[in-house]
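As a plain string of letters, each chain reads:
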Amino acid sequence: NAVDVGVKVTPQMSDAETAATPGLVGTTTFLTPEYAIDSTWKNIWNATAQDLAPMFIRSFEIWASANQTSPFPCDPSNEIQVDFFTNVPLLATCYNATSGVNDIMPKVTIQNIKNTKTPDGPLELRSASAVTFTGELSGSATADGELMVTAASAGTVAGVQYTFRFTLENPSIAQDADQLHVAVDTVKQTTSGREVMTSALAAELAPMKIRTPEFFVESSNITQSSPYPCDTNTITLSLTANVYMFASCWTQVIVTKLTNTQSDYINGTMFVSDHFDLVSWDKSTGTMVMAVKQSAVTVGIPAVTYASSAHDDVLVSVTRLEASFEVKNPAVGQVPPGVEANGFFNNASYGWSVGVTALDSGLPTASVNDTQFGYAWNGATVWTEDQKRSSRDSPLGILVPVVTGTLAGQSSPWPCDDNILTVIVQSNVPFVKSCSPVVTITGLTGLALHFDGDMLVTFHAERQAHVDTEYRTSARGVNGTFDSGDGSLTIPLRDVLIDRPTTSAADVLLDVLFFTVAVVNPDLGGNYGSAMELAFTTTDDADLPGSAVTSGPVFKDTRSSMHSASPVADYATPAFDWTGAQHDHVATIATYAVETNDASPLYIRHAGFEVKEIAQTSPYPCDTNNIISVTLKSLVPLFPADKCSTPSMVTISGLKGADTATGHLDVNLNSADGIEEYGSTGFWNKDLGTMVFNVTDPVIAGVQYFLSWKVTNQAAGKNAVDVGVKVTPQMSDAETAATP
């Protein structure tokens, strides 16, 4: 404060006179007008009358404001701007008690600079004015960090605003900004810290306010390219974060719940990203770790304001992070596991995460009812999270294989005949070689001359682009395994299929299996194929063709039982695009008196005779020239001994009363048109009254045959008898008994 000033003259005034003399009185009148106190007074800023009181020395006062350019964790280039002015000039002529020289410049201290990663020490301060500043940072890693600022030797002018900028590296941990304080000090005087004003426009402009990072679920997604078992599947991750990602923070994103893949490794050619490097892949846990590329200063797009009620008046920068990588899908169908992405700053314990289980890029907009993931969607227009997860775009949502349609037919309904069974099957998933698919047909019962073991399966060229050329354009087939106990045929497909690295929905519409199997029909008539069903198994690479299938779903659908009529069409996607007309065995099969079921697999006609007539030439006793004539028209062909399980025989019974001795008799045999004329023999049994003919040449169905042989009548008169006819082994005893 100002002091009382006295005046005396010596030796003219004694001490007593001096003590009794009043002090000098302050005045504002000066000899020269340049010291007049008015608005133009140039030497004292914001002067008052007190400033003219002798030895009144102003106390330091400082006013300041500060803002930052980045609230992002780990930003190495957060520029802090400080604007300040003082009520006095900062002069480099303060007294230095140590040296006794007036050479001390007052220091400006910015207090509470919180938890920066910039190390302690000199800090460059940038200023556009002629006055330059130097800075010294201390306590940077604590909440009490300080920046001591010193002006150049020229000093500053009171009341003039000065601006300087400096760059700090932000911490990785989100934090609120503490109130900054600013003070001025010299050896002799220190001001109390005055609060530094910050911008009222946005709280995030306050120095060292670090934003809490998060992913925006509404603008992030993770999708897949294929929902098919064993397929090569490209997973595409697109995350939108509210912060920039800085390589200096060793930022990592960890993707979890990529479960049940068959990918033992993921290498650089399988991982593509402009933003990330692949750090690690763990198949057992389904975890992928990615790190922001070290070559990048930041990743993301320029800052924009995120228009959301949750972020009003907050400076938000949207960063889009993208990566894609290939995995091999599991062999089994599964509901999407709910893949999640979590962000971490690797040099700190702080992390952030968001579940992306509901993120789908191609959610249906219409109602659906589908069992493609093993349970029904309810068709609601408002989607639940589970329904969203069931989208085929959801990562590792793998379709459960189902048979979308089948066609099957045969070339012959005749007992004992060679028969070609044709099977066409279409699935909702591709037939992928690496899945080692296995087709099993059950219900092949009653087959003649077939033993357990190999059964040749031949593939055909039509719609078989996924089948190896060697199998579909030549006669080469693959051996299936036949089990007569349960009538099953197991067909391994791995060797038959080509390698296909990728598939698409369009491939599935073309993916069918079209193959034939040669069998020999049962002896007796019957609908042996009525219980035939087809099962399709997908396995992983560990199950080689022919080995026991120990994993993978075996499905049977009652609606996909084999048939020759129109295919089942109640699966919406994909529709079975073969029609019965394309393979109409009923129309093309060469049979006598075609029946509706003739083309149905293992539908076997019952043997019998449409025409069966008998007559004799003599009713006279003891006549040695009685010619017995029989006319027969068979309902089925009769084949020689090498076709049926036992030789085919026609037996005429009930002819007791002839005296002809038991033994072989000459028989005349010819067809109605006389073309099939040839001689034969039959075996006559006098005691049983039977005549048995062995079929040595094929008997054509629907053609009348005439047989005749000569017997000797007995001497005693007798009435006519009922004469029966049967063919073995094609007719059972019950069928024979029921035959007139």
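Residues numbered from 1 in each chain as written. Predicted model: local features only at pLDDT ≥ 70, side-chain atom pairs only at ≥ 80, totals over all residues. Heavy atoms only, no water.

As for the overall build of the chain
Now for step 1: When helices and strands are counted, the chain shows 6 helices and 42 strands.
Now for step 2: By residue count, 47% of the 740 residues in the chain fall in the buried class.
Now for step 3: For the chain, the share of sequence-separated contacts (at least 6 apart) that also reach a separation of at least 24 residues comes to 73%.
Now for step 4: With the model as given, the accessible surface of the chain reaches about 34600 Å², and the carbon-plus-sulfur share is 54%. (Helix = DSSP H or I, 4+ residues; strand = E, 2+ residues; numbered from the N terminus. Buried < 20%, exposed > 50% of the residue type's maximum accessible area, 1.4 Å probe, protein only. Contact = heavy atoms within 4.5 Å. Areas by Shrake-Rupley, 256 points an atom, 1.4 Å probe, with all protein chains shown as cover.)

Considerations on the packing of aromatic side chains
Now for step 1: Overall, the coordinates contain 10 aromatic pairs when judged by the stated rule.
Now for step 2: Both rings, one in W45 and one in F85, keep their centres 6.2 Å apart while their planes meet at 70°; by these two values the pair is edge-to-face. Remark: F85 occurs in strand β2 (residues 78–86) and W45 occurs in the loop between α1 (15–19) and β1 (62–68); sequence separation between them is 40 residues.
Now for step 3: Residue F85 is classed as partly exposed on the basis of its relative accessible area, which comes to 26%.
Now for step 4: Where W63 meets F85, the ring centres are 5.0 Å apart and the plane angle is 15°; that geometry is what we call stacked. Of this pair, W63 sits in strand β1 while F85 is found in strand β2, placing the two residues 22 residues apart along the sequence.
Now for step 5: A relative accessible area of 30% means that W63 is categorised as partly exposed. (Phe/Tyr/Trp six-rings, centres within 6.5 Å; stacked < 30°, edge-to-face > 60°.)

Describing the pairing of strand β25 (residues 418–427)
Now for step 1: Within β25, 8 of the 10 residues are buried, leaving the element largely enclosed by the surrounding structure.
Now for step 2: Bridge analysis of β25 against strand β30 (residues 512–520) gives 9 bridges, and the strand direction is antiparallel. The residue of β30 that forms the bridge with V423 is F515. (Pairing = 2+ DSSP bridges.)

Describing the pattern of salt bridges
Now for step 1: Throughout the structure, instances matching the rule amount to 8 salt bridges.
Now for step 2: The salt bridge involving D176 is made with K209; its shortest N-O contact spans 3.0 Å. Taken together, the positions of D176 in the loop between β9 (162–168) and β10 (181–185) and K209 in the loop between β12 (197–198) and β13 (221–224) put the pair 33 residues apart, joining distant regions of the chain.
Now for step 3: Of the residues examined, K209 reaches a relative accessible area of 18% and is grouped as buried.
Now for step 4: The closest approach of N and O atoms between K283 and D264, which form a salt bridge, is 2.8 Å. Of this pair, K283 sits in the loop between β18 (276–282) and β19 (287–292) while D264 sits in the loop between β16 (251–256) and β17 (271–272), and the two are 19 residues apart along the sequence.
Now for step 5: Under the relative-accessibility criterion, K283 is labelled partly exposed at 33%.
Now for step 6: What you see here is one network of salt bridges that share partners, running through E79, E124, R126 and R165. (Salt bridge = Lys/Arg side-chain N within 4 Å of Asp/Glu carboxyl O.)

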